[in-house]
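# Residue-level structure breakdown
Residues per chain are reported as follows:
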Amino acid sequence: MKFKKLTNDQIIISLDRLTRFKATKEKYLRVFSDILTSSLIEPKLKKNDIEKMDFEILTKMVSEIFNSSFSISNDYTINKKLQDFENSIFLNDDETQKLLNNTINYIEAIKLLSDDVPVNLKWLKSINNENPLKQRKTHLLKYPLEKVILVEGITEEILLPVFSRFLKHDFYAEGIQIIAAGGKNQVVKMYYKLSQEVKLPIFVLLDKDAEDNIRQIEPRLREHDRIHLVSCGEFEDLLPKSLIVKTVNSHFENFLSITEDDLQEDIPTAKILENIFKTKGLHEFKKAEFAKLVRDKITQTSDISSEIREIIQEINFTNKSLDSRICS
């Protein structure tokens, strides 16, 4: 086998992708395929050839290329811990175990990682510590994961962790992965996929108009999973009006001032804000941008509505009967 050595950037990117929250076989095959296609000189292999390879051969080839940049090491402690971690999170078949049973030289590779890296790589750097749960809680590493939160949109993804942290439940300390699916129909598809792949409890948060989508999920709802249906409207409608007013008036103080009365219309909060932005000649209202502004203004308990408190309590409580796991 003739190949080019991986660059340091390629090694770091590979480590990052191998430790993200994604189905084991899917991410390992992607990373291993990228390593072979970018480095292998002889034999010449196309992507289709790689996908059909025996996983044991594939793993050995990738390990050899990866390790060519480092001194020889027979310490596979990290490899075993990563294998145990992946198997604790995902439902992996025997073929996937061949990918996990690699001899990648993590011991040397993690020395390339700076302090300013994504949280999954910070966790990888600390994985050899004796007490991973203590490390996670102390240093907010998020890994090892214990729960998945599946939401419709970016607003929930941005704000739920902040509200939760203000109530003394830090997602990173408690091993919670939040995923924005991009709409209620995508939540259903994502739940179907995750419920077949992961062992972790899944908490599903849906807007009020997603009752039909809940009926699609219910037949597949696992014992330790849970659904919360927003009591009225969208997640944005759960934000206290005082918090919205504070956010708008603080950020647009030279152009715009609103009161809680401006938010009383019987239409969704996001639509009200969209109309206000348009009327006042501001830039287009975007949920993600506004959620980031709101995030910076959460400073007191009154900034958290009763239903958001309820949602966070439910996230931290999963062992309920099927009837009580469907909340509306």
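Just above sits the structure.
Residues numbered from 1 in each chain as written. Predicted model: local features only at pLDDT ≥ 70, side-chain atom pairs only at ≥ 80, totals over all residues. Heavy atoms only, no water.

## Notes on the overall build of the chain
Each helix and strand in the chain was counted, giving 18 helices and 7 strands. On the principal axes, the C-alpha backbone points of the chain span a range of 70 × 50 × 40 Å. A burial count over the chain gives 48% of its 328 residues as buried. Within the chain, residue pairs in contact and separated by at least 24 positions form 73% of the contacts whose partners lie at least 6 positions apart. (Helix = DSSP H or I, 4+ residues; strand = E, 2+ residues; numbered from the N terminus. Buried < 20%, exposed > 50% of the residue type's maximum accessible area, 1.4 Å probe, protein only. Contact = heavy atoms within 4.5 Å.)

## Topic: the packing of helix H10 (residues 154-166) against helix H16 (residues 287-295)
In the contact formed by H10 and H16, the axes pass within 8 Å of each other and the chain directions differ by 10°. The angle between H10 and H16 falls in the class roughly parallel. In contact with Ile154, Thr155, Ile158, Leu159 and Val162 of H10, H16 contributes Lys287, Ala288, Ala291, Lys292, Val294 and Arg295. Counted by class, the contact of H10 with H16 contains 7 nonpolar, 1 polar and 3 charged residues. (Axes fitted to C-alpha atoms, helices over the stretch in contact; angles between N-to-C directions. Parallel < 35°, antiparallel > 145°, perpendicular 65-115°, else oblique. Nonpolar A, V, L, I, M, F, W, Y, C, P; charged D, E, K, R; others polar.)

## Some thoughts on helix H2 (residues 24-39)
Counted at 1.5 Å a residue, the expected span for H2 with its 16 residues is 22 Å, and the 22 Å between its end C-alpha atoms agrees. All buried positions along H2 are accounted for by Thr24, Lys27, Tyr28, Val31, Phe32, Ser33, Ile35, Leu36 and Ser39. (Expected span 1.5 Å × (residues − 1).)

## Some thoughts on unusual backbone geometry
Each neighbour pair has its own omega, and for Glu42 with Pro43 the value is -5°, a cis peptide bond. Of note, Pro43 is situated in the loop between strand E2 (40-42) and helix H3 (47-51). A cis geometry characterises the amide bond from Tyr143 onward to Pro144, with omega recorded as 0°. Within the secondary structure layout, Pro144 lies in the loop between helix H9 (132-139) and strand E3 (147-151). Backbone geometry places Lys142, a non-glycine residue, at a positive phi of 70°. Looking at the secondary structure, you find Lys142 in the loop between H9 and E3. For Lys168, which is not glycine, the phi dihedral falls at a positive 70°. For Lys168, a relative accessible area of 72% gives the class exposed.

## Section: the packing of aromatic side chains
Under the definition given, this model contains 9 aromatic pairs. A ring pair is formed by Phe277 and Phe285, whose centres lie 5.3 Å apart and whose planes are at 85°; its orientation type is edge-to-face. Each member of the pair, Phe277 together with Phe285, is buried. Geometry around Tyr192 places Arg220 over its ring, the cationic atom sitting 3.7 Å from the centre. (Phe/Tyr/Trp six-rings, centres within 6.5 Å; stacked < 30°, edge-to-face > 60°. Lys NZ or Arg CZ within 6 Å of the ring centre and 35° of its normal.)

## A few points about the pairing of strand E5 (residues 202-206)
Across the 5 residues that make up E5, a large majority, 5, are buried. In this region the chain leaves E5, passes through helix H13 (residues 211-217) and returns to the parallel neighbour strand E6 (residues 226-229); the handedness of that crossover is right-handed. (Right-handed = clockwise from strand over helix to strand, strands pointing away.)

## Focus: the pattern of salt bridges
The final tally for this structure, using the stated rule, is 22 salt bridges. Between Lys98 and Glu95 there is a salt bridge whose closest N-O contact spans 2.8 Å. Here Glu95 and Lys98 lie together in helix H6 (residues 94-100), a separation of 3 residues that amounts to about one turn. Residue classification places Lys98 among the partly exposed residues on the basis of a relative accessible area of 23%. Arg215 is the partner of Asp212 in a salt bridge, and the nearest nitrogen-oxygen pair spans 2.3 Å. Taken as a pair, Asp212 and Arg215 lie in helix H13 at a separation of 3 residues, close to a single helical turn. (Salt bridge = Lys/Arg side-chain N within 4 Å of Asp/Glu carboxyl O.)

## With respect to the environment of Asn87
With respect to the element layout, Asn87 can be found in helix H5 (residues 77-89). In this structure, Asn87 is in contact with Asn92, Gln97, Leu100 and Lys199, ignoring residues within four places of it in sequence. A polar side-chain atom of Asn87 sits 2.9 Å from a polar atom in the side chain of Gln97. (Polar contact = N/O pair within 3.5 Å; in protein donor to acceptor, adjacent residues only side chain to side chain.)

## Overview of a negative patch on the surface
Taken together, the side chains of Glu260, Asp261, Asp262 and Glu265 present a region of like negative charge at the surface. Inspection of the secondary structure puts Glu265 in the loop between helix H14 (241-251) and helix H15 (269-279). (Patch = residues over 30% accessible without salt bridge, like charges linked within 9 Å, V, L, I, M, F, W, Y side chains within 5 Å. Areas by Shrake-Rupley, 256 points an atom, 1.4 Å probe, with all protein chains shown as cover. Lys, Arg positive; Asp, Glu negative; His and termini not counted. Charge placed at Lys NZ, Arg CZ, Asp CG, Glu CD.)

## Concerning the side chain of Asn79
Structurally, Asn79 can be placed in helix H5. Classification of Asn79 by relative accessible area gives buried; the value is 5%. Within the local environment of Asn79, its side chain forms a polar contact with the side chain of Asn102, the two groups lying 3.0 Å apart.

## Some remarks on helix H17 (residues 306-315)
Among all positions of H17, only Glu307, Ile308, Ile311, Ile312, Glu314 and Ile315 are buried. Buried residues in H17, looked at end-on, bunch into an arc of 160°, giving them a common side. Structural note: H17 exposes Ser306 and Gln313 on the side pointing more than 90 degrees away from its buried face. (Arc of directions from axis to C-beta.)

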